[in-house]
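Commentary on secondary and tertiary structure
Below, each chain spelled out in residue letters.
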Amino acid sequence: MLGVATGCHPHDASSWAPSVVKQVTAAWQLPGVLAAGEIGLDYHYDHSPRDVQRRAFAEQLALAVAARLPVVIHAREADDDVVAILREQPTAAIILHSFSSGPVLRDAGLADGWYFSFSGMVTFKSWTQGDTVRAVPGDRLLVETDSPYLAPVPNRGRRNEPGFVADVARKVAEIRGETFEAIEATTTANAMRLFWKAA
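This section reports on the structure supplied with the text. Just so we're clear, the structure is a prediction, and the values are computed from it rather than from any experiment.

With respect to the nonpolar core
- Judged by nonpolar contacts, the single largest core of 48 residues is most densely connected at Ile73, Leu86, Ile94, Leu96, Phe118 and Val172.
- The biggest single contributor to this core is helix α2 (residues 50-66), with six residues.
- Setting aside residues up to four positions removed in sequence, Ile73 forms contacts with Ile39, Phe57, Val82, Leu86, Ile94, Ile95, Leu96 and His97.
- Membership of the second largest hydrophobic core comes to nine residues, among which are Ile95, Leu142, Ala191 and Leu194.

If you want it as structure tokens, here you go:
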């Protein structure tokens, strides 16, 4: 049950042009493409101008909704603008990828029923968002690795890989006061419903 997400990352937003739109929307019709993304805004690196990022993000988001695909969101130091653009498409199925943002995006996601996906960062000593992990409703909870980055403890500093997602799930279970088995079942069911349209 492999699948991919594809789209124009904010780092590459300067390349967003009719030819890229055509490539992306064609890719979204392929059977193995299960989501659009990751798309969004990155004001930390600013590899593309911010106004260009916003335009590429808004246009892709609208196209993804038309294609009936869930959308994987990259948000870095741009929470206000990310929320404003996401709220222009209230029917979009939103996944807040590798979530570590502040209260603006967190509160909007909780209020609007977006999915929160947590990565290996939850296992780091520097992680301070246990309240966010606990606040996410079970039916909106996901875990991920963000391979090859953000390897969870006890593999921090190594190249990340999909198998390490179990370490993320264990830590999420610990933070939420649930069993690993419960988190495994919940996040699997959520992923199946979201990406594979299972009941």
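Further notes follow.
A look at the sheet that holds strand β4 (residues 94-96)
- Reading across the sheet, the six strands line up as β1-β2-β3-β4-β5-β6 and stay open at both edges, with parallel pairing between neighbours. Of all strands in the sheet, those with a lone pairing partner are β1 (4-6) and β6 (141-143), marking the two edges. The average undirected angle you get between the axes of adjacent strands in this sheet is 30°.
- Note: β4 against strand β5 (residues 115-118), two bridges, orientation parallel. Its bridge partner lying in β5, Ile95 is registered against Tyr115.

Reading the values: the criteria
Residues numbered from 1 in each chain as written. Predicted model: local features only at pLDDT ≥ 70, side-chain atom pairs only at ≥ 80, totals over all residues. Heavy atoms only, no water. Core = buried A, V, L, I, M, F, W, Y, C linked by side-chain atoms within 4.5 Å. Buried < 20%, exposed > 50% of the residue type's maximum accessible area, 1.4 Å probe, protein only. Helix = DSSP H or I, 4+ residues; strand = E, 2+ residues; numbered from the N terminus. Contact = heavy atoms within 4.5 Å. Pairing = 2+ DSSP bridges. Axes fitted to C-alpha atoms, helices over the stretch in contact; angles between N-to-C directions.

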